[in-house]
Structure formats: structure tokens, C-alpha cells
Amino acid sequence: MVYANVEDNPFTPSFGEVPLVMAGRGQLLSEFDRAFSSQARRPSLTSLISGARGTGKTALLTLVEERAQERGWIAVDLVSLPGMLEDALEQTRSRAAHLLKGADDVRLTSLGVGPLSVGVSHSNQGRGNWRTQLTGLLDELAKHGVGLLITVDEITPGLDELIQLVSTYQLFVREGRKVALLMAGLPHSTSMLLRDQSVSFLRRAQQVRLGRIPDFEIEKALRDTFAHSCKSVSEEILAEAVQVIEGLPFMMQLVGFRMWEEGTGGGLIDDDTAREGIRLAKEEMKSRVLLASYQDLSPMDRRFLYAMTEDPVDSSVPDVARRMGKSNSYATQYKNRLLEQGVIGLCGNGRVRFELPVMREFLAETDEGQGWSQS
Ligand SMILES: Nc1ncnc2c1ncn2[C@@H]1O[C@H](COP(=O)(O)OP(=O)(O)O)[C@@H](O)[C@H]1O
Ligand SMILES: [Mg+2]
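Residues numbered from 1 in each chain as written. Chains lettered and ligands numbered in written order. Predicted model: local features only at pLDDT ≥ 70, side-chain atom pairs only at ≥ 80, totals over all residues. Heavy atoms only, no water.

### Some thoughts on the side chain of Gln-253
- Tracing the chain through its elements places Gln-253 in helix α10 (residues 249-262).
- Classification of Gln-253 as buried rests on a relative accessible area of 8%.
- When neighbours within four sequence positions are excluded, Gln-253 is seen to be in contact with Phe-11, Thr-12, Pro-13 and Pro-19. (Helix = DSSP H or I, 4+ residues; strand = E, 2+ residues; numbered from the N terminus. Buried < 20%, exposed > 50% of the residue type's maximum accessible area, 1.4 Å probe, protein only. Contact = heavy atoms within 4.5 Å.)

### Describing the packing of helix α8 (residues 215-227) against helix α9 (residues 235-245)
- At a minimum axis distance of 10 Å, the contact between α8 and α9 shows a crossing angle of 125 degrees. By the angle class used here, α8 and α9 are oblique. Read as a crossing pair, α8 and α9 show a hand that is right-handed. Contact residues: Asp-215, Ile-218, Glu-219, Leu-222 and Arg-223 in α8; Glu-235, Leu-238, Ala-241, Val-242, Gln-243 and Ile-245 in α9.
- Here the residues of the contact of α8 with α9 sort into six nonpolar, one polar and four charged. (Axes fitted to C-alpha atoms, helices over the stretch in contact; angles between N-to-C directions. Parallel < 35°, antiparallel > 145°, perpendicular 65-115°, else oblique. Left-handed = near helix turned anticlockwise from the far one by under 90°. Nonpolar A, V, L, I, M, F, W, Y, C, P; charged D, E, K, R; others polar.)

### Here we look at the sheet that holds strand β7 (residues 206-209)
- Strands sit in the order β2-β5-β6-β1-β7 across an open sheet of five strands; the sheet is parallel. Looking at the sheet topology across the chains shown, the edges are occupied by β2 (74-79) and β7. On average, adjacent strands in this sheet sit at an angle of 15 degrees to one another, irrespective of strand direction.
- Two elements, strand β1 (residues 46-50) and strand β6 (residues 179-185), share five bridges in a ladder whose sense is parallel. (Pairing = 2+ DSSP bridges.)

The following block contains the structure:
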């Protein structure tokens, strides 16, 4: 892990960056560590990670990849786009180059004096299809006892190449090869992929739903991140920040970042200044995340959310249905849609709550929200 200079803001309110302190993922990371160290095959080597935007999917993939590499695996990271299969080959060849030297598929193209004049080309390019080529590379890695981890971020379930990758991977597993596949995506993308008959074996994969991180973990991570810098906040502010963050990693970074920026000089940031930081973070959450999520929703999805705002904490579907003037089964369809979009989450007894922080405040400020509260 890279430690920030104490003079720098230690928070990372952007997408895809591994945070300085990872909140609430200790157990998950230890399980992955065990899987990548173990001789026997463990189920988590095939995992499907789902979560809303900002729950830390990309950061988790990156970190697991780093840790697998520390344990001797070769890792390739793909984004689910056309050309991903070719990319998998290219990346494997380049990251495993030190192991493939002298192997059949690499030959010297020119010899001269000194290492710089030795050209190397891959003679197997264009020989055999994608699967044969990858099989050849896996054979080489196996000679060194090295495994291949493939990560796919932002999965798009309709992509043929993704289905082809998953099906081929299944064959590799069946052949007893040392391979791992971690995929991440939004909840509706992962559930669509799981419904695809041609990759039904994925239903037995480890499914990780990145939901809300418990408050005590967020509090600890905030405190620990501040500890890597020259500034701090009071315990009272820490508690207020945790209330606003509501367990979302991206929001933790945003709130921490804004509080830190507001403070001038080093040492303790005074409470009013820190509160201004929290306020700015909430506004940024609305404009950077909530507005986009809201614009993706249908009018009936939104009605469901407005109906939820009448409850102080969580809501039951029959109550929501009544407020919408619809049947329970009608409202349930919308509940399921919103769950798959990661906008709401389940909290036991079939009750639902907002999954994204500041959502309630955001809804109250929209025109429709003001209309809803008057009706
Ligand atoms: N467990 C975590 N604890 C604290 N911050 C995190 C955690 N996971 C991710 N982050 C931070 O949250 C932000 C969003 O993470 P990212 O991985 O891009 O989310 P996603 O891919 O799910 O949209 C990044 O700034 C990242 O540094
Ligand atoms: Mg991401």
C-alpha cells in the first residue's frame, strides 16, 4: 500500500481508485488471500461481485488482483467490451513474458550483440483459435505452478465475448487448471448474467453483494485515513459524518475529502468548518451520483421512492403500494426493479430502505418530491 504524504489530502473521491484504508472488507479479503494461497481449489476463485455505483467494486477487484500477484499468480484485468478476448491473450503474454521465455510460442527474430538487439516475437499469433492459444499459455504457466486470474469489470451480460470467456473458463476449471475468474457489475447486470442458460454454472460461483458497510467500520476507516495526514476531526464530527455516509464507500471518500479540504493548516479541523465540508459533500453526492441514478428511473420507479419517503427509516411494500394507489403485486415489481438497480436495499422482513446516502433529501428537493409531500 502506498502512503500519502501527510500534507496531501488522503481521501480518494473518484471512481476506480484503491483507497488508502479499505473499510469493511477484511473478511472478504482474507478469504481471497486464502483462495490464492491454497493448493486446493476454493469456491471464491470464481466470484461474481455486484453492487451499486460507488460501493467499491473496482477498488476490490484491483486490490484482490494485487494480492493474487503477490501470491505468485498472473493477473489480467479486462473490461467487458468487444475485443476483450484478444486483450486477455495480449495481457497474459506480456505479464507472463518472464515465464514464457524459451517456450515454444516465443522465438527470437534477430540476434545481435547485447540484450537490446534481441527481438522476440510470438510465433503462435494467428495459430489456432482464441481458446487454443490461451490453453497453450496456461500449459506454460502450469510448468511453473503459476495460476491465471482474469478479472472483468463492468460486465455487460449481452456481450458474446463475455459468454465465450465464461464458457471457456468453465472448461479450464473442469480440466483442473489453476485459473480464477472474478467479475463485477451492477446488480441488474449480474442477475441478467446469472439468468443466461449458457453460463448456468455461474450460479454455483461465489456471489458477493457489496451492500452498506456497517457504521463502525466506516468510522474506523475515516479515523484511520485521517491518521495518515496532518489533520483530524473531533469525535462528534466523526459521528455526524458516519450518519451522512450511510455505509457507502464513495460517500466516505467524498465526506472525508471535503472536510479535509475545508480545514486550513494542520491539526484539528474545527467543527463548523468540518460541517461545511459535510454539506459540500452532500451537494456533490446529489449532482454526481443521485441525479444520474434518478434520471435512469421510470416515472413509476420514482413514485415508489416518493412513497417510501413517508416512512422515517424503512418501508413495507403494502404501505408503499397503498400510497401509490396500486396492488401489492404491482408495487413488488417496482421493488424488484429498484433492488436490481441498487437504489433500494432489503433490511429483513421484506422491508426496504434507501441504499444510497442523501437520497431522501435529494427526493424532497425535486419538483415531484415537493408535489408528493403536499398530496
Ligand atoms: N471499502 C472501501 N472503503 C473505503 N473506500 C472505498 C472502499 N471501496 C472503494 N472505496 C472508494 O470509493 C470510491 C468508489 O469505489 P469504486 O471501486 O470505484 O466503486 P464502484 O466500482 O463500485 O463504482 C473510490 O474512491 C474508492 O477509493
Ligand atoms: Mg467501478
